[in-house]
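If you want the building blocks of each chain, they are given just below.
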Amino acid sequence: MKRNYWEKMAPHYQEEIFDVLENDKKKWIAKAIRNYANPRHQVIDIGCAVGKWLPVLSPLFNKVVALDISMNNLKIAQSLFPNLTNVSYQQGDMSNNRLRLQPAEMGVCINALLTPHAKDRAVFFKNLQRSIKSGGTLILTVPSVESYLLTRIIQQQYNIDNVLLTNKTSKDKAFKNWKNLQQGVLNIDDVPHKHFLQEELYLSLTRHQFTPVQFKKIEYDWNTEFLRPPRWLDHPRPWDWLVVAKKTSK
Ligand SMILES: C[S@@+](CC[C@H](N)C(=O)[O-])C[C@H]1O[C@@H](n2cnc3c(N)ncnc32)[C@H](O)[C@@H]1O
């Protein structure tokens with residue numbers, strides 16, 4: 001999941017990539033942003049992709065920096081929102097130690113911390129720390145390990161989408177998947193994505209000068225996971241973790 005992956009994905013982004021803004025039916029993320037927004041402040045949208053969150057952020061802040069690893073995504077975002085005049089675009093890799101960032105009062109990072117490589121994640125967290133001023137707020141959404149496992153358990157227990165289930169995997173691939181599972185790296189459409197346990201996320205944030213003040217499940221409909229969810233299946237639902245964290249001074 002290096003830059004190349006996201007550059008190639010850009011033209012197909014709207015069809016291929018899950019839309020958190022649209023699927024967060026209770027609008028928890030937008031509410032969290034509004035709670036901590038200030039029209040005199042700057043916000044950085046980390047991994048902004050094609051800019052879905054920019055119309056939410058732009059009216060609430062003095063300045064918005066839209067950062068993404070993919071230049072192609074940024075070009076699409078720029079072409080979609082020419083009227084958002086307080087948005088500036090920056091190509092940059094959060095997993096690069098030399099990334100230059102102007103710290104903002106708020107950082108919003110919605111399902112962009114996905115890299116399966118532990119070293120890249122370590123730098124990503126350091127850059128999150130650098131990107132937000134002391135006293136500032138981080139609003140972070142990431143895929144959940146707990147939700148992933150719940151989905152697999154329900155799928156097998158109740159024989160859901162059986163036609164799609166195959167146990168035919170090479171030994172090498174099975175071993176790789178098993179190793180990845182130990183790290184919360186789980187496949188979405190056959191592509192390894194980092195998922196987080198709530199406690200793991202808490203630990204990573206506190207080690208990077210962030211104090212989590214709110215954890216929330218961003219719940220989705222079961223048809224985001226299954227082609228044919230049974231009609232009786234409602235709660236519990238699949239979810240991503242939303243965490244609101246305050247950046248502490250040293
Ligand atoms: C799943 S999309 C989420 C997009 C957006 N935040 C949203 O909610 O609509 C992930 C985005 O993160 C970007 N990304 C992934 N790794 C990155 C990195 N190391 N540095 C900056 N952006 C990154 C990708 O290019 C992609 O646009």
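One can find the structure itself at the top, above this paragraph.
In short, a report on the structure. Nothing here was measured: the structure is a model prediction, and the numbers come from that model.

Here we come to the packing of aromatic side chains. Scanning the model with the defined rule gives eight aromatic pairs in all. Ring plane angle 70° and centroid distance 4.9 Å describe the contact between Tyr158 and Trp232, whose orientation is recorded as edge-to-face. Here the residue Tyr158 occupies a position in the loop between helix H8 (145–157) and helix H9 (171–182), and Trp232 occupies one in the loop between strand S8 (210–219) and strand S9 (239–247), the gap between them amounting to 74 residues. The exposure class of Tyr158 is partly exposed, given its relative accessible area of 41%.

Let's shift gears to the site of the ligand. Around the ligand, 19 residues are found, and the nearest of them are Gly47, Asp68, Asp93, Met94 and Ile110. In this structure, Asn73 approaches the ligand through a side-chain N or O atom, which is 2.9 Å from an oxygen atom. Between Asp93 and the ligand, the recorded distance is 2.8 Å, taken from a side-chain N or O atom to a nitrogen atom. Alone, the ligand offers 600 Å² of accessible surface; in the complex the protein occludes 95% of this. Across the shell around the ligand, the residue classes tally to eleven nonpolar, five polar and three charged.

With that out of the way, let us pick up H8. In this model H8 runs 18 Å from its N-terminal to its C-terminal C-alpha over 13 residues, within 8% of the 18 Å that 1.5 Å per residue would give. Where H8 is concerned, the buried positions are Val145, Ser147, Tyr148, Thr151, Ile154 and Gln155. The inward-facing, buried residues of H8 abut strand S5 (132–143), strand S6 (185–188) and S9.

Rules used throughout
- Residues numbered from 1 in each chain as written.
- Predicted model: local features only at pLDDT ≥ 70, side-chain atom pairs only at ≥ 80, totals over all residues.
- Heavy atoms only, no water.
- Phe/Tyr/Trp six-rings, centres within 6.5 Å; stacked < 30°, edge-to-face > 60°.
- Helix = DSSP H or I, 4+ residues; strand = E, 2+ residues; numbered from the N terminus.
- Buried < 20%, exposed > 50% of the residue type's maximum accessible area, 1.4 Å probe, protein only.
- Near = heavy atom within 4 Å.
- Polar contact = N/O pair within 3.5 Å; in protein donor to acceptor, adjacent residues only side chain to side chain.
- Areas by Shrake-Rupley, 256 points an atom, 1.4 Å probe, with all protein chains shown as cover.
- Nonpolar A, V, L, I, M, F, W, Y, C, P; charged D, E, K, R; others polar.
- Expected span 1.5 Å × (residues − 1).
- Contact = heavy atoms within 4.5 Å.

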